[in-house]
Amino acid sequence: MIPGAMRKGSGKTVNRPPSVSHGVRRLLLLSGVSVLSFYLVAEIIFAETMVEHSSSRLITALGEKGYHDTAVSVLDKLVQNKAVSNAFHRKIPLLRAIERVASVRKSSDWVQRIRAFEEAREELECLLEEQQEHSLLADAAFQLGMVFLDTGRLYQNSVSAKYRDLSKAHEFFILANEVFVGPRTGQTALNAVENEIQDVDKLIRAYRNQRLMTPGDRRALTQLEQSRETLRGRQMQIQLLAAETFSEMAECFKQHSEEWVQSLEQALQRYLAVYEAIPNRSAGLWARLEEGKTLLLLGRKKEGQEVLLEVTKLPSSEGLIYQLRVKAVDELLSMWLGTANIEDDEGFDERLRQFVLSDSSASLSNPDRLSMKCLAAELLWRRFEASPTASKSTRDSLLADVRVLARDVAKTAGVHAASARRLLVKLGRKDAAFAGRLSQSFMASYQHAEEVLAQYRKNPTDSKRSESIAELQQVLRKATAQSAEDEEQKRKQLSLLRYQLALLFYEEKRYHEAVSIGELLTKSSSFDLLSKQAAVLTLATWQALSEQNNIEWCNDAVSQVGDTASYIMHRWPRDQCSTDAAEVSIDLAVREGSFEAIIAVIQDLAEGSPGRDEVLLRGGVSMWHLCQNMTDEQAGRTSLSRRECTHRAIRVLDEGLGGIGRRSVLQGTALEVAVAAAIARCEIAVSGADKGSLDLFSLLNQVKYGPWRVLRDSSAKLPLPVYEPGLRACLQGFVKVGRYDLARQSLAALLVTVSSSQEARLRLVGTCIAIVEKMINASQERKEQESSASPRGKASGDEAELLGELLDFVKDATPQIEVLSWVAITFGRLGVSDDVLGTDDVLVAGVRGDKRNFFLEQSAATIRKILTSSGLRGDAQTAWRRELVSVRSNLGQWDDAVKQMRVILSDQKNARSPFLQQDAAKLFQKAAKNPSSFEQSQEYFRTAVAGSRVMLTTGESVVWGWGVLANRISKVAFGDRSDLAESMRRLYFESRLSLAACRLEWAQSDIDAVTKVQLLHDAEAGIKMESQLHPDLGGIAFKKRFEVLHITIQQEFLKIQESRQ
Amino acid sequence: MTVQCEVPEIWSNFALGHNGQGLQLMLVCLGCIAFQSMGAVYAADQVVTQAETLFGKIESVTPEAVRLIPRGSTGDPREIGVARVLMIQFNDEPQGLIEAKRLLVKKEFVSALLAVEEIDENQIKSSSVAIRGEYAYVQAVATGRIAIETAGEISFALSRVERVIDQFTRSIHYYELLELAGDLEVMLGRFDKAKSFYDKMKDGPPLMGLRARRLGGNVLAAEGRHLEAVVEFEKVQLEKFDLNGGEQEKMAACLAQAASFIALRRFDESVSLIRALLSRDLPEKIPVSSAEELLGKAYSLLGQSFIEMGQNQEALIAYLTVDLVYNTDSKFHAESLWQLIGLWADGGYPFRAAEARKKLVDTYPGSEAATRLNSTSE
C-alpha cells in the first residue's frame, strides 16, 4: 500500500469523454488513444464518498444522453454540497467547463457557441491559476487548448461573413498551441501530462520496490500501469493536436505567404515528431500521412510523394490502416493530376492501379474512396488520351479500367458523380447513354414538378391542388432510382419538393400527412433554411390539429405543439421563428393554464433572440392573467405560490419593458405588446401586489408605451380591445396615485369606449364599484389616521366629483337591484357622510354642500327606481321606504319624508311595529320643528304627541305618537323579565321622555300662551306621573334625562311668568 | 461426494489417440488415481461466495455454515459462514438445478422457477437429501419472491416455504427461508407471525440477529408504527458490528428509517439522514450489486422527500440518479421514470418528459407506474 497515493485522492474515476470537435475526434480515433478514462487514473485507488461516486456517474450518464445543461446544474449543486470532499470540489470547474462546451457542440447558433466557449475558458483559466495538482492541471490545460482550438475554428469556418474573422481565428489557434505545447509561462497540457507520467512512474516504482504485495497492491499496480499507458496516449494526442492546430492556422493566411509557410512548417515538424516517437502505432501513421500532405502543400512534392507512397505500402488492409492508404493514394492522385507533364504520374503504377480497382464498391459511401476512384479514372483517361500510339491492348485496358471506375462513382450520390458521368460521356455512345440516364431523369422530373406547382399557384383550385399532390408524390417515388448531375443539388431539390408536398397537404387540410413530412424535414434535412421552414409548417399543422377538438389526437397535438415550438427555440434561438414559436408556446401554456410552462419558455429564450422583449412581455402578460384567473386546481399543480407567480410576472414584465423602452421607435405589434404589458404592470401595481415599487404615474405616462399617453394619441393605431383595459388601468392607476382629475378624464374616455357594448358596460360597473369602495375605504383610513391626512386643496373636489360620476354611471348602467341598492346606499352615505367623509377630513372640505345634496337626491332617485321595480318584496319595500325617509330627512324635505312614513304605516303589519312607530314619532317631531307652514307644524306636533290616522290609496295609515306608543308597549315592558321586556322598557321610558320633550318643544314653538301653559303642564304632569308610577324612571340615565327635562320645563314656566310680569 | 474418475474411457482414449492430447489425459488420470490412493479428495462440489468460488468436497452443511474440504487439500475442512455463501453446488446435482440456482442469485425468479420445473422429478427423488433440499429450496424461494413481486398466491407460496423449513432443518438456506416466510406473512398482514419468523433468525449467527432486528423494524413500519420502527432502525445502526455484511444491514436500516420518516411526513429528517449516509465512503465490503440496489433506494427516497418538500430540482437530480446510475431495482426505476415525466414536463422539457415516458412504457409495461401513466393519459 502506498500511503502517498492513499492521501492524494481527488476521487475515483470520473469517466468523461473529452470535449472535441468532429475533426479532432477523427484524430483521436486514429490515434488509438482510449479517451474513455479521461481523468487521472493514478488516483484510482482512493476512497470516495457515495455522493461523489454517484454524482460522477450521473454526470457521465447525463453527458452521454446529451443533457449537458442538467449536468451543469448537478455540478452547481455539488459546489454547495458540504459533504463533497475538497478534492472533488477542485474538479467541479473542469467538469462544468466540459459540459458547457458539450452543450453547444450540436448547436448551429454561433453566438451561443462562442459564449459557451468564453464561459468555459474563464473557468479553466481560473482552475489553471489556482490548482497545483498535476492530474487536474493536465486535464484543465488540455480542455483549455481544445476550447481555444474550437473557438479558432468557429471564427474560421463561419459561413456568415458577420462572424467570420480570420485574424481572430489566428489569435485563438496561437492560444491553443500555447496551451497545448507552449511556449507559455504557466503550465502547458504537455508539461502537465509529462509531470503526471512522472508521478505515476514514481508510484509504480514504489509498488515494485515493496517486498510483499497484497492482492490490493497488485490491483493498484495494474491500474497504475494502465494509467501510464493512457497518459502516454494523451501525450501523443496533445502533440498531434498541436500539429493539427498549426495546419489549420495556415488557412488563416494567404497561400504561399510567409506566415502560411511558417505555420505549415511548424505543423510538419510536429507531425514528424509524433511519427518518429510512435512509428508503428496508428497515431504515428496518421501523423505520417499528414506529414506527406503538408509537404505537398508546401510544394515539396518529391518528399511528399515519398512519404505518401510509403503510407500506401503499409501492410495491413484492415480498418484504420486501409483508410490511411486510401487517403494517401487520393492525395497522390490529386497531385499527379495537377501536373502538366504526363511523365510525372508514373508513381501511379500497377500496384496502385490494382489497389484502386480492387477497392470494394460495396463501401462507396466513403468520400475518400469515391474521390480516389474518380481521380484514378481521370488519370487513366489522361493516359489514354496521351498515348494514341500505344498498343490496342494497352488502350483497351485503360478504357476498361476507366469505365469500371467511372461507372462505380457515377452510380453514387456523391460530389464526384458528375465528374464521373462526364468521363463516361467521353467513353462512347453506350456509356454516354448510361450517364445520361443517370443524370437527366431526375432533373426532368423535378422541372416537371416545378411546372405543376407553378400552375397550381397561378390557379389554386382544389382540383389543381389534388393533381399537384399526386404529381409530386409520383416524382418523389421515382426520385430515389434516378440520378442527377449534381447529387447535392438533387438532395436539396428533393427536400424542396417534400416541403412543397407538405405545404399542399396542409392547404388541403390533410394535416396528418403534412405533419409527418414536416417532421421528417425538420429533423433530418441537412438544409438549415428548409429545415426551419418545415419546422414552422409542422408547428402550424400541429396547431391546426389541436384546434380540431378531436379526442383521437387533440391531446397529443397539443403536446406536439409545445414540443415543436421548444425544438425550434433550441435549434434557431436567434431567428424570428424562435420568437414566433415562443409565442405559440406561451399561448399553449395559457390554454393549458400552466404557469411553469411559460417560465420554461422564457428561460429557453436565447439572450439575443430577435423579439425577445416582445416574448417577455407576452409571457409576462399571460403570467399575470393566469395569476388573476388561477383556479384552485391550477394553483395546486404549480409549485409556486400565487404571490411568487405575481412576482415572477413582475420581473418578466419589468425586464421586457426595460428592453423595449430602449428602442428608438415603437410601432405595430411591438407597440401593441408593450402597451398591453404596461397595462398588465399597472394592474399589478393597482392590485397592490408589488408593494409600491413602481412609479405608477410615470408608467401611465411613459412616452413610448404609457397607456395614458398612447391611448389618447390618435396617430397610434392600436386594436380596439386594448382601449377598454388600457383606460381602465389609467382610471384605477390615477385613483391610486390620487390624480382624480386625470381619473375623471380616464373615466370619460372609458365611458365613450364602452358605450356600444353592454358587456363592456357591465365590466365597467364592476370596476367602478371596486374603485368607489376603495376610495371610501381610503377615506376612512385617512380619517382614522388623522395625523397623516394632509389637505389636498382642489383634489378633494375632484375626488367627490369622480365618486359622483362613477356612481352615476353605475346607476344607469344596469337595472340589477343589487347594484342599484349599492348605489343608493353609497350615494346616501356620501350625502350625509360625516361618518364617511368626516368633517375633519380633507375630502369633506372639498365637497360642497350642493354636491352633498346632489348625492342625496341621487340616492333618493335611485331608491325610487328600486321601489318601482316589480320584483321587490314587502319587507324590502318597507326597508327602502325607510331609507328614503332618511334621505328625505337629510335633505330637509320633511313633507316628503312624512309622506313616505305614512305610506310605510299604511301597511297594518308595519303599523303594529313599536320601532316603526318610534321612528314615525321622531320624524313627526323633527318635521314639526322644520315646518313648511305653522299649521303643518301644529299638525306634526300633534301627531308626534298623540298620533293620527290618514286614509291613503295604500290603506289607512296609523301613527301612534309618543303617548300611544308608551301605552301600547307598557304591558309588555313591565310584564316579565324577558329580553323583549327589557327592550320594550327602554322604548317605554324613551317614549315617555320624548312625549314630555315633544310637548315642551311644541310649547316653545310660536303658539298662544294658554296652549303653551297647557302643554307645559301636561309635560310636567307626565313626568310626575311617571315618577310615581315608576320611581326609578328606567334607570340612572333616563332619570337624569327626566330631571333635566323637568328643570327645562320649569324654566319655561318661569319664562312665562316673567313675561307676564 | 466423490468424483468418479472415468478410468476405462480415458484409457481407451489414450489407446485410440497417439498424440500429445492422449498423453496429457493419461497424466491427469494418473494424478486422480494418485490422489484417491492418498485418501485426499479430487471433487467438484462448489461453494460460491461474493469473493471467490471454492472447489472441493462439501463435508457438512448446517444453517450456520458449510464445511468444505478444498480440492487438493489434506488438511482440515474450511468453514464458510452462511452470510458469505451465495450458492452451493454438489457435483452430482442436475444441470437444470444448477442453472435454476444461478438464476435465483441473479434474482430472475420466474426463469428460475421455469428452470426448476423442467427438471425430471424422478431424478430428484432418487437424489441425495442435500440435492432434494436444494431443489425444494429453489422452488420455494422462486415461488415466494414471485408472490411478493406480483402480490398474488401469497398463501400458497408461504405454505411451500414453511414446508421446506420444516423438512430441511439443516439447510444452509434455513435463515433465508425464515426471512422469506416472514416477508410473506407481512404481505398477508399477519405481523405477529412475521415477527416470530424473524425472531427465529436471532438464534443464528450474529449477522442474522442484526438482520432479524432490522426486519423486525420493517414489521413495525408495515404496521404503521413508524415511531417505534425508527427507534429499532436506530438501534441497528448503533450496533457495534464489524463483521461482513454488517455494513449492508446498517445501510438498509438507515434507509428503512428514512422511509419511516417519510411516512411520518418528516421529510427534512429523511433528507438529512440520507445525505449523511451518502456522505460516507463508498462501502467496499458490500457487494457491488447490493450497494447499487441500496443506493438506488437511497436516491429514490431522497427524490420522494424532495417532491414532498416542493424542491423539484433536487428531486429531479435524485430521480435522474436512479434512472441513469442505480437502475437495477425495477420498482425504484419505474417509479423514478414516472416522477421524471412530471418533473421534466414541469421544468419545460417536453422532449425529455416524452423520453422518460417511452422508457417507462417500453421497459416496464406492466408496472404500477406505467398503469398510473395510462390512467392519467386516459
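From a predicted model like this one, the values you see are computed outputs, not experimental measurements.

A.B. asks: Can you lay out the overall build of chain B for me, pointing to particular residues and giving the numbers?
C.D. replies: For chain B, the count of helices and strands is 18 helices and five strands. By the burial criterion, 49% of the 378 residues in chain B qualify as buried. Counting only contacts in chain B whose residues sit at least 6 apart along the sequence, the fraction spanning at least 24 positions is 53%. Put simply, chain B shows about 18200 Å² of open surface, and 52% of that area lies on carbon and sulfur atoms.

A.B. asks: Please give an account of the pattern of salt bridges that cites residues and values.
C.D. replies: Where charged atoms from two side chains of opposite charge approach closely, those side chains can pair. Residues and elements named next belong to chain A. Following the criterion strictly, the structure yields 87 salt bridges over all chains and no others. Between glutamate 265 and arginine 300 there is a salt bridge, with the nearest N and O atoms lying 3.1 Å from each other. In this pair, glutamate 265 is assigned in helix α11 (residues 258–277) and arginine 300 in the loop between α12 (282–297) and α13 (301–312), connecting sequence segments 35 residues apart. Judged by relative accessible area, which is 27%, glutamate 265 ranks as partly exposed. Glutamate 857 is the partner of arginine 888 in a salt bridge, and the nearest nitrogen-oxygen pair spans 3.8 Å. One end of the pair, arginine 888, is in helix α40 (residues 874–891); the other, glutamate 857, is in helix α39 (residues 849–868), and 31 residues separate them in sequence. We classify arginine 888 as buried; its relative accessible area is 9%. Each of the salt bridges in this network shares a partner with another, and the network as a whole consists of Asp76, Arg96, Arg100, Glu119 and Glu123.

A.B. asks: Residues and numbers for the packing of aromatic side chains, please.
C.D. replies: Here the distance between the centres and the angle between the planes together describe a pair of aromatic rings. Residues and elements named next belong to chain A. All told, the structure shown has 24 aromatic pairs over all chains when counted by the stated rule. Measuring from ring centre to ring centre gives 5.0 Å for phenylalanine 974 and tyrosine 988, while their planes differ by 90°; the resulting arrangement is edge-to-face. With phenylalanine 974 in the loop between α45 (961–973) and α46 (979–1004) and tyrosine 988 in helix α46, this pair connects stretches of sequence that are 14 residues apart. Among the residues examined, phenylalanine 974 registers a relative accessible area of 33% and is labelled partly exposed. Among the residues examined, tyrosine 988 registers a relative accessible area of 4% and is labelled buried. Among the aromatic residues, those joined into a ring-pair cluster are Trp110, Phe148, Tyr155, Tyr163 and Phe172. A cation over an aromatic ring shows up here: arginine 234 above the ring of phenylalanine 142, its NZ or CZ 4.1 Å from the ring centre. The ring centre of tyrosine 567 lies 4.9 Å from the NZ or CZ of lysine 523, which sits over that ring.

A.B. asks: An account of the packing of α46 of chain A against helix α47 (residues 1009–1029) of chain A is needed here, citing residue identities and associated values.
C.D. replies: All names here are of chain A. Axis separation between α46 and α47 bottoms out at 7 Å; the angle between their running directions is 160°. One finds that α46 runs roughly antiparallel with respect to α47. For the element pair α46 and α47, the recorded crossing hand is left-handed. On the side of α46, the interface is formed by Tyr988, Phe989, Arg992, Ala996, Arg999, Leu1000, Trp1002 and Ala1003, while α47 contributes Lys1012, Leu1015, Leu1016, Asp1018, Ala1019, Gly1022, Ile1023, Met1025, Glu1026 and Leu1029. Taken together, the residues that form the contact of α46 with α47 break down as twelve nonpolar, one polar and five charged.

A.B. asks: Mind laying out the interface of chain A and chain B, listing which residues take part and the relevant values?
C.D. replies: Note: interface size is frequently given as the accessible area lost on complex formation between the parts. Opposite the 29 residues of chain A that make contact, chain B presents 30 residues. Both faces combined, the contact of chain A with chain B buries some 2700 Å², and carbon together with sulfur accounts for 60% of it. Together, Met50, Tyr67 and Lys77 of chain A form the three largest contributors to the area buried by chain A at its contact with chain B, with a combined 25%. The tally of links from chain A across to chain B stands at four salt bridges. Our count for the contact surface shared by chain A and chain B stands at 15 residue pairs in polar contact (both at pLDDT 80 or more). Counting residues per element, the ones that place at least two in the side of chain A that touches chain B are α3 (50–65), α4 (68–80), α24 (554–571) and α26 (595–604) of chain A. Taken together, the residues of the side of chain A that touches chain B sort by class into eleven nonpolar, nine polar and nine charged.

A.B. asks: Which residues make up the pairing of strand β1 (residues 948–952) of chain A, and what are the values?
C.D. replies: Residues and elements named next belong to chain A. Here β1 runs beside strand β2 (residues 955–959); their pairing, made up of five bridges, is antiparallel. Directly across from methionine 951, in β2, lies its bridge partner glutamate 956. Counted between consecutive antiparallel strands, the loop separating β1 from β2 contains two residues.

Thresholds, definitions, all that
Residues numbered from 1 in each chain as written. Chains lettered and ligands numbered in written order. Predicted model: local features only at pLDDT ≥ 70, side-chain atom pairs only at ≥ 80, totals over all residues. Heavy atoms only, no water. Helix = DSSP H or I, 4+ residues; strand = E, 2+ residues; numbered from the N terminus. Buried < 20%, exposed > 50% of the residue type's maximum accessible area, 1.4 Å probe, protein only. Contact = heavy atoms within 4.5 Å. Areas by Shrake-Rupley, 256 points an atom, 1.4 Å probe, with all protein chains shown as cover. Salt bridge = Lys/Arg side-chain N within 4 Å of Asp/Glu carboxyl O. Phe/Tyr/Trp six-rings, centres within 6.5 Å; stacked < 30°, edge-to-face > 60°. Lys NZ or Arg CZ within 6 Å of the ring centre and 35° of its normal. Axes fitted to C-alpha atoms, helices over the stretch in contact; angles between N-to-C directions. Parallel < 35°, antiparallel > 145°, perpendicular 65-115°, else oblique. Left-handed = near helix turned anticlockwise from the far one by under 90°. Nonpolar A, V, L, I, M, F, W, Y, C, P; charged D, E, K, R; others polar. Buried area = accessible area lost by both parts, 1.4 Å probe. Polar contact = N/O pair within 3.5 Å; in protein donor to acceptor, adjacent residues only side chain to side chain. Pairing = 2+ DSSP bridges.

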